[in-house]
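Understanding the architecture of this molecule
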Amino acid sequence: MTITFIGHGYVGLVTACVFADFGNKVWVIGHTPEKINRLKNGDPIIYEPGLKELLLKNLNAKRIHFTSEYTTPIGESDVVFIAVGTPPKKNGEADLSTVFAVAEKVSQNLEKKITIVSCKSTVPVGTNARIEKILNKLKPKKTHVAVASCPEFLREGTAIYDSLNPDRVVIGSDSDRAKNILMQLHKPIDGKRVITDLASAELIKYTSNAMLATKISFANLISFYCEKTGADVEKVLDAVGLDKRIGRIFMDPGVGYGGSCFPKDVKALIKIGQALNLDTTLLDAVERVNAIAKENFARKIIDVMKGEKNLAIWGLSFKPNTDDIREAPSLFVLNRLLEQKFSLSVYDPAATSNINNLFGSKLIYFDDPYEAVKNSSALVVLTEWNEFKQADLRKIKSLLKKPIVFDGRNIYDPALMKGLGFSYYSIGRQPTR
Ligand code: UGA
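Residues numbered from 1 in each chain as written. Predicted model: local features only at pLDDT ≥ 70, side-chain atom pairs only at ≥ 80, totals over all residues. Heavy atoms only, no water.

The name an unreviewed UniProt entry assigns to the chain is UDP-glucose 6-dehydrogenase. In its Pathway (unreviewed entry) section, UniProt records this for the chain: "Nucleotide-sugar biosynthesis; UDP-alpha-D-glucuronate biosynthesis; UDP-alpha-D-glucuronate from UDP-alpha-D-glucose: step 1/1." UniProt, in its Catalytic activity (unreviewed entry) section for the chain, records the words "UDP-alpha-D-glucose + 2 NAD(+) + H2O = UDP-alpha-D-glucuronate + 2 NADH + 3 H(+)". (UniProt positions renumbered as here; feature names shortened; annotations may be inferred.)

Attention shifts here to the packing of aromatic side chains. One pass over the full model with this rule turns up 11 aromatic pairs. Both rings, one in Phe406 and one in Tyr425, keep their centres 5.0 Å apart while their planes meet at 20°; by these two values the pair is stacked. Remark: Tyr425 occurs in strand β14 (residues 423-425) and Phe406 occurs in strand β13 (residues 404-407); sequence separation between them is 19 residues. An aromatic cluster of three or more residues is present, and its members are Phe5, Phe19, Phe22 and Phe81. Here the guanidinium or amino end of Arg168 rests over the ring plane of Phe153, the centre of that ring lying 3.7 Å away. Looking at Lys309, its charged tip hangs above the ring of Phe342, at a distance of 4.3 Å from the centre. (Phe/Tyr/Trp six-rings, centres within 6.5 Å; stacked < 30°, edge-to-face > 60°. Helix = DSSP H or I, 4+ residues; strand = E, 2+ residues; numbered from the N terminus. Lys NZ or Arg CZ within 6 Å of the ring centre and 35° of its normal.)

In the vicinity of the ligand there are 20 residues, among which Phe153, Leu154, Glu156, Lys205 and Asn209 approach most closely. Contact distances for the ligand include 2.8 Å between an oxygen atom and a backbone N or O atom of Glu156. At 2.9 Å from an oxygen atom of the ligand is found a main-chain nitrogen or oxygen belonging to Phe318. Within the complex, the protein chains bury 92% of what would otherwise be the 710 Å² of accessible surface of the ligand. Counting residues per element, the ones that place at least two in the shell around the ligand are α9 (198-229) and α11 (262-275). For the shell around the ligand, a count of residues per class yields 10 nonpolar, two polar and eight charged. (Near = heavy atom within 4 Å. Polar contact = N/O pair within 3.5 Å; in protein donor to acceptor, adjacent residues only side chain to side chain. Areas by Shrake-Rupley, 256 points an atom, 1.4 Å probe, with all protein chains shown as cover. Nonpolar A, V, L, I, M, F, W, Y, C, P; charged D, E, K, R; others polar.)

UniProt records the feature "active site" (unreviewed entry) for Cys261 in the present numbering. For Cys261, the position within the fold is in the loop between α10 (233-241) and α11. Residue class for Cys261 comes out partly exposed when judged on its relative accessible area of 32%. (Buried < 20%, exposed > 50% of the residue type's maximum accessible area, 1.4 Å probe, protein only.)

The residue Ile36 is located in helix α2 (residues 33-40) in this model. According to the relative accessible area criterion, Ile36 is buried, its value standing at 4%. Taking the C-alpha atoms as reference points, Ile36 and His65, 29 residues apart in sequence, are found 9.6 Å from one another. Residues contacting Ile36, with those up to four places away along its chain left out, are His8, Gly30, Phe66 and Thr67. (Contact = heavy atoms within 4.5 Å.)

Now the structure itself:
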């Protein structure tokens with residue numbers, strides 16, 4: 001098949017490369033010429049494990065093509081995926097202006113007798129019906145469109161694996177033709193098929209992200225109880241998670257969830273609920289607990305480090321294996337510590353330059369994690385990159401001015417840290433001193 005992706009972010013580019021790798025001819029449309037040139041030359045722009053290799057392989061095989069023009073790709077495509085951003089507006093609603101603008105451009109360039117237009121962007125219920133209206137209003141005579149919603153469930157850092165091995169492939173449409181073609185296109189991909197209507201597919205995506213964010217906030221809330229009562233949050237959640245009805249996955253307590261999805265999608269679902277006159281208390285609390293998780297961690301550091309103002313910070317991205325810092329808990333913690341006049345020596349395996357663009361000379365940047373630790377009074381871990389889990393703790397102790405570690409992701413064993421002589425502060429567990 002010939003398919004077009006509009007948008008080359010995590011969802012657009014990863015899925016485009018995966019579909020090209022299956023042997024399809026794939027067009028990717030973007031609107032920034034400089035980025036299109038980089039993509040044509042095999043630079044994926046974003047950091048995602050395995051993506052550069054997959055991109056180069058399919059560029060060499062001439063299966064993937066990048067352009068800012070709509071005419072040829074849309075004219076020859078059987079399926080067009082809209083995968084542009086839906087960032088939050090100031091009031092928390094999803095900004096759909098780009099989605100509707102590209103829908104107009106698609107409709108003006110349709111040539112095939114029938115084209116399937118499928119939205120992968122996360123959009124509120126009813127958006128695909130509006131896309132369908134735009135397409136039908138502007139399309140040339142003798143062309144037909146069928147609209148579908150195919151939400152994406154990939155995670156940054158494991159995006160290629162997730163695209164190939166999803167738990168489910170959701171296809172929402174009122175058109176049998178669209179359902180059949182999309183079923184055919186997704187044949188090489190694992191996972192259960194969920195064939196449904198447009199509105200349900202749209203709500204499935206928000207519900208999944210809101211449920212995962214709820215699990216994380218719930219785990220964080222229990223960590224607050226543990227800190228006050230002397231219980232150990234890891235033991236509590238391990239035992240609770242053994243109940244198959246609950247499960248342990250996505251209940252890792254920490255310094256809060258971030259990224260371009262959970263914060264945005266929880267906010268958007270609240271807005272959707274408010275517009276429907278629903279009580280959104282539960283979702284409001286998910287957001288509130290996430291804010292408290294970030295604040296509690298920063299407060300812990302500020303309270304302990306009285307008079308000692310040099311800190312090493314490890315981990316700046318919102319999660320490991322990505323350079324993405326959108327809504328990263330690090331942004332909140334760094335700002336909070338800077339307000340308190342701390343001097344911060346920062347290290348991250350991938351996100352340093354993105355942080356540098358935001359913070360500039362307010363931070364001291366290091367290419368080597370141990371150099372950042374040297375002469376600092378404490379180490380603060382904000383993201384659980386593997387290289388931090390395997391760090392040489394004895395070396396850290398010898399480099400730090402004081403043997404103090406604040407662990408925002410519970411990656412170290414308190415007993416081990418105590419044995420090594422660290423004052424060790426983690427989440428939902430008693431400090432060791
Ligand atoms: C999330 C969903 O997991 C994907 O299924 C979805 O496709 C994607 O959003 C999207 O809507 O596009 P992502 O934001 O890339 O994926 O990353 P996650 O692994 O979900 O992590 C999100 C945040 O939650 C991170 O800050 C992470 O540190 C935090 N988290 C995750 C926890 O604090 N505890 C956990 O147990 C799990």
